[in-house]
Amino acid sequence: MRDFLPADKLRRERVLALIRAVYRSHGFDEIETPVVEDYARLHAGIGGDNEKLAYNVLRRGLDADGIRAAADDPAALSDLGLRYDLTVPLARFFASHRAELPTVFRAIQIAPVWRAERPQKGRYRQFVQCDIDIIGDATSRAETELIVASLDAVDALGLEGAQVRVNDRRALEAMLAHFGFAPEEQSGVLITIDKLDKIGPAGVVAELRERGADEGAVAAFEAFLSRPVDGQTLPFGEGQIRAALPDGVGDEVVAHLVGIGDAVSAARGEGEVPLVFDPFLVRGMGYYTGTIFELAHPSVGYSLGGGGRYDGMIGRFLGQQVPAVGFSLGFERLVDLLDAGSDADEDAVVLIHDRDVPLAELVAAKAALVRVGSRVRLEQRTKNLKALLDRAAADGYTSFAILAAGADPGALELKPLS
């Protein structure tokens, strides 16, 4: 968990403002949910490994004897917890407010979440998520809108050239069934396949054997991994998808993915759709039921966001199935990639005054600048004026003026800081 100095905070807010503006232009509406949710909801088995990282809130009123009696039962010790993502709160929000929302609801959530991570580079215990979700639309239009809005947001930040890796959990399940993995072992197999980028094909095969997976299925999967692939250079479409999959994956899933690619291409107006089919993209969250995706950029080797369809989650709270799909940008990673050169306000003035300037003159001069739209900071002149000006420039100010006692506020001379 981190503190942010003024320059860092300014930079973060500018990035958030750009993302919000793009999302709103695509018809999404921002909501806000509490930072805490019921313990039972956060630990309902839909958050994957994140549930293990949740910060739990001790029940009020427990004395020492009560704590000792409940020591072996986390649910008895805690009734609330800090949210570890924004998807579980959104599902609860929609279930609570469905009657007040449109049939197809497009939501923006930009807020901090908390996970008890082991602190390391790029891993924080408090971090901001930028989510957009569409609830109530079972068609590929929802995935298309999310992908296009997310790519437009990344473009607005100056990170052109991003791509979205796409897969479908139904394709993954069909692929595992084709190799011979039993339904009850598929979830464990997917956990291992999700490590393919880190440990390579040989490492995945070795781990599957260590897990005791069906040997025939592992051998079939190993042969599939080592086969020559002819479709790697094909543009996103049926040819690329078919070449990357074994036989047996239904035409409906392939057509669904192809339709998304055609729609994204039409929306972006580009020669080649910025999508890549990845048959081994897993996304670890247990609640995904269909299309899954991750945002990639050629400048880095890790994802900058991702999401997918989670049609089963809201039904747990509402008692009836509601289609839903979401995309989350990795805000902390995006901020680290961006050039800080444009963080300064267009019209931010440091008003430097002598010690003897009367207070009334000082605040009148400041008020005059504020009225014309300037951001103004008052600073008393110091012996080391250069250090003062350097600090102001680092904090995002673009110009300065010096005010002497009795001077006309309307005749201030603004000088650039750079």
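The structure we're discussing is the one just above.
Peer 1: Break down the sheet that holds strand β3 (residues 56-58) for me, citing the residues and quoting the values.
Peer 2: Reading across the sheet, the three strands line up as β2-β4-β3 and stay open at both edges, with antiparallel pairing between neighbours. Of all the strands in the sheet, the pair left with one neighbour each is β2 (36-38) and β3. The average undirected angle you get between the axes of adjacent strands in this sheet is 40°. Summarising the sheet, β2 and strand β4 (residues 78-82) pair through three bridges and their orientation is antiparallel. Looking across to β4, one finds that Val36 is bridged to Leu82.

Peer 1: Account for the sheet that holds strand β14 (residues 399-403), with residues named and values stated.
Peer 2: Spatial strand order, β13-β12-β14-β15: four strands in an open sheet with mixed pairing. At either margin of the open sheet sits one strand with a lone partner, and together these are β13 (375-380) and β15 (415-416). Looking at chain direction, strand β12 (residues 348-353) and β13 are connected through six bridges and run parallel. Bridging across to β13, Val349 finds its partner in Val376.

Peer 1: Please give an account of the nonpolar core that cites residues and values.
Peer 2: Judged by nonpolar contacts, the single largest core of 51 residues is most densely connected at Ile19, Ile147, Val164, Leu275, Leu295, Phe327 and Leu329. Tallying contributions element by element places helix α6 (residues 140-156) first for this core, with eight residues. Excluding its chain neighbours within four sequence positions, the residues that come into contact with Phe327 are Cys130, Asp131, Ile132, Leu146, Ile147, Ser150, Val164, Phe293, Leu295, Gly305, Gly306 and Gly307. The next biggest cluster of nonpolar side chains, apart from the first, holds 42 residues, and it includes Leu101, Phe181, Leu225 and Tyr287.

Calculation rules
- Residues numbered from 1 in each chain as written.
- Predicted model: local features only at pLDDT ≥ 70, side-chain atom pairs only at ≥ 80, totals over all residues.
- Heavy atoms only, no water.
- Pairing = 2+ DSSP bridges.
- Helix = DSSP H or I, 4+ residues; strand = E, 2+ residues; numbered from the N terminus.
- Axes fitted to C-alpha atoms, helices over the stretch in contact; angles between N-to-C directions.
- Core = buried A, V, L, I, M, F, W, Y, C linked by side-chain atoms within 4.5 Å.
- Buried < 20%, exposed > 50% of the residue type's maximum accessible area, 1.4 Å probe, protein only.
- Contact = heavy atoms within 4.5 Å.

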